[in-house]
Amino acid sequence: YRLLIIDGHSSHINIKFSKKIILIYLPPHLTHLLQLLDLVIFLVIKRLYLSKVNKYTACGITSINKEYFLKILGKIRPRIYTRELIRSAFNAAGLYPFNLN
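As recorded in an unreviewed UniProt entry, the protein chain goes by DDE-domain-containing protein and comes from Cenococcum geophilum 1.58.

What follows is the structure in structure tokens.
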């Protein structure tokens, strides 16, 4: 099974998916307030990525090409998609535990 979280816009409600996809519909026109990735995950990625780029720069590497980008991403990835960060993203959005404010 896979979980798919989408906004509840009327154009999305009639989409048919496999029975192995669990859908969660967020309220329409509110997803900008509930962007789990933007609220926590992408901020952490930016911070960790910048830290690694600064280390490369300190070593005299002034241009980050695809090879360096993938190398950096490979190093920071295990620190990004953790249970703690994912939970904090749901918490920051007020989804779990539910927070009406």
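Engineer: Would you mind showing me how to read the nonpolar core here?
Structural biologist: General note: in soluble globular proteins, nonpolar side chains tend to be found buried as a group. Leu-36, Val-40, Ile-41, Val-44, Ile-45, Leu-48, Ile-76, Ile-80, Leu-85, Ala-89 and Ala-93 together form the largest nonpolar core, which totals eleven residues. Mapped onto this core, the elements with two or more residues apiece are helix H2 (36-58), helix H3 (66-80) and helix H4 (83-92). Examining the composition of this core, we find that six residues originate from one element, H2, more than from any other.

Engineer: Would you mind showing me how to read the environment of Asn-91 here?
Structural biologist: Of note, Asn-91 is situated in helix H4. Contacts of Asn-91, omitting those with residues within four sequence positions, involve Tyr-96 and Pro-97.

Engineer: How should I be thinking about the confidence of the model for the protein chain in this particular structure?
Structural biologist: Interpretation of the predicted coordinates at a detailed level should be avoided for regions scoring low in pLDDT. Taken residue by residue, the protein chain gives an average pLDDT of 84. The fraction at 70 or more is 88%. When mean pLDDT is compared element by element in the protein chain, H3 scores highest at 93, while helix H1 (residues 10-13) scores lowest at 65.

Engineer: What exactly am I supposed to notice about a positive patch on the surface here?
Structural biologist: Taken together, the side chains of Arg-47, Lys-55, Lys-71, Lys-75 and Arg-79 define a basic patch exposed on the protein surface. Every element with two or more residues in the positive patch is listed here: H2 and H3. The element contributing the most residues to the positive patch is H3, with three residues. In this fold, Arg-47 is placed in helix H2. Assessed through its relative accessible area of 52%, Arg-47 is described here as exposed.

What counts as what
- Within each chain, residue numbers correspond to sequence positions counted from 1 in written order.
- Two thresholds apply to this predicted model, a pLDDT of at least 70 for residue-level local features and 80 or more for giving and counting side-chain atom pairs, whereas whole-chain, interface and lining totals are computed over all residues.
- As a rule here, side-chain values come from all non-hydrogen atoms in the structure, and water together with hydrogens is ignored.
- To qualify as a nonpolar core, a set must consist of buried Ala, Val, Leu, Ile, Met, Phe, Trp, Tyr and Cys residues joined through side-chain atoms within 4.5 Å.
- Buried residues are those whose accessible area, probed at 1.4 Å on protein chains only, stays under 20% of the maximum for their type, while exposed residues exceed 50% and partly exposed ones sit between those limits.
- A run of H or I in DSSP becomes a helix once it reaches four residues, and a run of E becomes a strand once it reaches two; helices and strands are each numbered from the N terminus.
- Whether two residues are in contact is decided by their heavy atoms: any pair within 4.5 Å suffices.
- Think of pLDDT as the predictor's per-residue confidence, scored from 0 to 100.
- Put simply, a patch holds well-exposed residues, over 30% relative accessible area, that have no salt bridge, with like charges counted together within 9 Å and Val, Leu, Ile, Met, Phe, Trp or Tyr side chains within 5 Å.
- Method for areas: the Shrake-Rupley scheme with a 1.4 Å probe, in which residue coverage is limited to the protein chains shown.
- By salt bridge we mean one thing: a side-chain nitrogen of Lys or Arg within 4 Å of a carboxyl oxygen of Asp or Glu.
- For the purpose of charge, His is not counted, nor are the chain termini; Lys and Arg are scored as positive and Asp and Glu as negative.
- Charged side chains are reduced to one point each, which is NZ for Lys, CZ for Arg, CG for Asp and CD for Glu.

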